[in-house]
Amino acid sequence: NAGVTQTPKFQVLKTGQSMTLQCAQDMNHEYMSWYRQDPGMGLRLIHYSVGAGITDQGEVPNGYNVSRSTTEDFPLRLLSAAPSQTSVYFCASRDRANTGELFFGEGSRLTVL
Amino acid sequence: AQSVTQLGSHVSVSEGALVLLRCNYSSSVPPYLFWYVQYPNQGLQLLLKYTTGATLVKGINGFEAEFKKSETSFHLTKPSAHMSDAAEYFCAVSGTSGGSNYKLTFGKGTLLTVNP
């Protein structure tokens, strides 16, 4: 039972490089989201999706793009990485019926030099 | 807009002592409330949640929380701390209808240390 799978777990980028963080879930959840976690800041919502083909911005969307072509996958793209994007990124999902319980991946730690 | 305030970024208790982690929320309507726990180098997992009904909710690992509407609080307690409870704890709030119940707003977290 894989749940929510994130890759890669660790990544180091140089300023200006682009990359994609992958997220896949095998629970047929409609809702998927990306959060970033920074010390003392808790988790902040970047982007979310309520179904295939539907995405919306969260609290801190600048510098990130998402797409949702399938129910299972929700990749997060950094178009031109900046040191301020150094963080731990979490993907989470839930189904429509389950009030509030998000299922989290194990996180992707990104360092931008 | 909803918000969550966790009082105390770091709480330290002795093994066997009471654990009390404080959470206050701001919401224009009664929300859904959650506590999540994060162990080192892991994702978050749900401890307990309040949606409707009984205001005292019990979760995993002996934790419980009480929803107090008059105080806009949802404090997390455990009668006797165990070493394995050492982790970071996050309080979260969401709306209860339409698309608002999809998005969770998290507090900044409280790191719990348990001393032998």
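Check the entry above for the structure.
The structure reproduced in this document is the subject of the present report. None of the values given here were measured: they were computed from a predicted structure.

**Digging into the overall build of chain A**
A count of helical and extended segments in chain A gives 0 helices and 11 strands. Helices and strands in chain A line up, N terminus first, as β-β-β-β-β-β-β-β-β-β-β. For a compact globule of 113 residues, the expected C-alpha radius of gyration is about 13 Å, and chain A comes in at 13 Å, within 12% of that figure. Each of the 113 residues in chain A was classed as buried or not, and the buried ones make up 47%. Across chain A, contacts joining residues at least 24 apart in sequence account for 51% of those joining residues at least 6 apart. Accessible surface for chain A amounts to roughly 5200 Å². Of this, 50% is attributable to carbon and sulfur atoms. Here chain A carries 9 positive and 10 negative side-chain charges, and the mean point of each set is 9 Å from the other.

**Side note on the layout of surface pockets**
It is a probe the size of a water molecule, rolled over the atoms, that shows where empty space is left. Space inside the largest pocket adds up to approximately 510 Å³. Along the walls of the largest pocket sit 25 residues, with Gln 37, Val 88 and Arg 109 of chain A together with Gln 38 and Asn 41 of chain B positioned nearest its centre. Listing elements by their share of the lining of the largest pocket, those giving two or more residues are strand E4 (31-38), strand E9 (87-94) and strand E11 (108-112) of chain A together with strand E9 (87-94) of chain B. For the lining of the largest pocket, the class distribution of residues is 9 nonpolar, 10 polar and 6 charged. For the second largest pocket, the calculated volume is near 340 Å³.

**With respect to the interface of chain A and chain B**
Taken residue by residue, the interface counts 23 residues in chain A and 20 residues in chain B. In total, chain A and chain B occlude about 1800 Å² of area from one another, counting both sides; carbon and sulfur atoms represent 56% of this. Across the chain A-chain B interface, the total number found is 0 salt bridges. Secondary-structure elements contributing two or more residues to the side of chain A that touches chain B are E4, strand E5 (42-51) and E9 of chain A. Looking at the side of chain A that touches chain B, the element that brings in the most residues is E5 of chain A, giving 5 residues. Here the side of chain A that touches chain B is built from residues that sort into 10 nonpolar, 7 polar and 6 charged.

**Details of the sheet that holds strand E6 (residues 56-58) of chain B**
Residues and elements named next belong to chain B. Strand order in the open sheet made by the 5 strands is E1-E3-E8-E7-E6, with antiparallel pairing throughout. The outermost strands of the open sheet, each flanked by one partner alone, are strand E1 (3-7) and E6. In this sheet, adjacent strand axes meet at a mean angle of 20 degrees when their direction is disregarded. With 3 bridges connecting them, E6 and strand E7 (residues 64-68) associate as antiparallel partners. Across the sheet, Leu 56 pairs through a bridge with Glu 66, a residue of E7.

**As for the environment of Gln 6 of chain A**
Residue and element names in this part refer to chain A. By the element assignment, Gln 6 lies in strand E1 (residues 4-7). Taking the C-alpha atoms as reference points, Gln 6 and Leu 21, 15 residues apart in sequence, are found 7.3 Å from one another. The residues contacting Gln 6, other than those within four sequence positions of it, are Gln 22, Trp 34, Tyr 89, Phe 90, Cys 91, Gly 105, Glu 106, Gly 107 and Ser 108. Among the polar contacts made by the side chain of Gln 6, one reaches the main-chain amide nitrogen of Gly 107 at a distance of 3.2 Å.

**Structural notes on the packing of aromatic side chains**
A full pass over the atoms with the stated rule returns 13 aromatic pairs over all chains. Ring geometry for Phe 63 of chain B versus Tyr 89 of chain B: centroids 5.5 Å apart, planes at 45 degrees, classification tilted. One end of the pair, Phe 63 of chain B, is in the loop between E6 and E7; the other, Tyr 89 of chain B, is in strand E9, with 26 residues separating them in the sequence. An identical accessibility class is assigned to Phe 63 of chain B and Tyr 89 of chain B; each is buried. Plain terms: the ring middles of Phe 90 of chain B and Phe 106 of chain B are 6.5 Å apart, the flat faces sit at 85 degrees to each other, and that makes the pair edge-to-face. With Phe 90 of chain B in strand E9 and Phe 106 of chain B in strand E10 (residues 105-106), the pair connects residues that are 16 residues apart, well separated along the chain. Pair check on accessibility: Phe 90 of chain B and Phe 106 of chain B agree, each one buried. A connected cluster of aromatic rings, assembled from ring pairs, spans Tyr 35, Phe 90 and Phe 104 of chain A together with Phe 34, Tyr 36, Phe 90 and Phe 106 of chain B. One cation-aromatic arrangement involves Arg 68 of chain A over Phe 74 of chain A; the distance from NZ or CZ to the ring centre is 6.0 Å.

Reading the values: rules and limits
Residues numbered from 1 in each chain as written. Chains lettered and ligands numbered in written order. Predicted model: local features only at pLDDT ≥ 70, side-chain atom pairs only at ≥ 80, totals over all residues. Heavy atoms only, no water. Helix = DSSP H or I, 4+ residues; strand = E, 2+ residues; numbered from the N terminus. Rg over C-alpha atoms; globule rule 2.2 N^0.38 Å. Buried < 20%, exposed > 50% of the residue type's maximum accessible area, 1.4 Å probe, protein only. Contact = heavy atoms within 4.5 Å. Areas by Shrake-Rupley, 256 points an atom, 1.4 Å probe, with all protein chains shown as cover. Lys, Arg positive; Asp, Glu negative; His and termini not counted. Charge placed at Lys NZ, Arg CZ, Asp CG, Glu CD. 1 Å grid on protein atoms, 1.4 Å probe; cavity = no way out; pocket = protein on both sides within 12 Å on 5 of 7 lines; lining within 4 Å. Points joined across faces, edges and corners; volume = space filled by probe spheres on them. Nonpolar A, V, L, I, M, F, W, Y, C, P; charged D, E, K, R; others polar. Buried area = accessible area lost by both parts, 1.4 Å probe. Salt bridge = Lys/Arg side-chain N within 4 Å of Asp/Glu carboxyl O. Pairing = 2+ DSSP bridges. Axes fitted to C-alpha atoms, helices over the stretch in contact; angles between N-to-C directions. Polar contact = N/O pair within 3.5 Å; in protein donor to acceptor, adjacent residues only side chain to side chain. Phe/Tyr/Trp six-rings, centres within 6.5 Å; stacked < 30°, edge-to-face > 60°. Lys NZ or Arg CZ within 6 Å of the ring centre and 35° of its normal.

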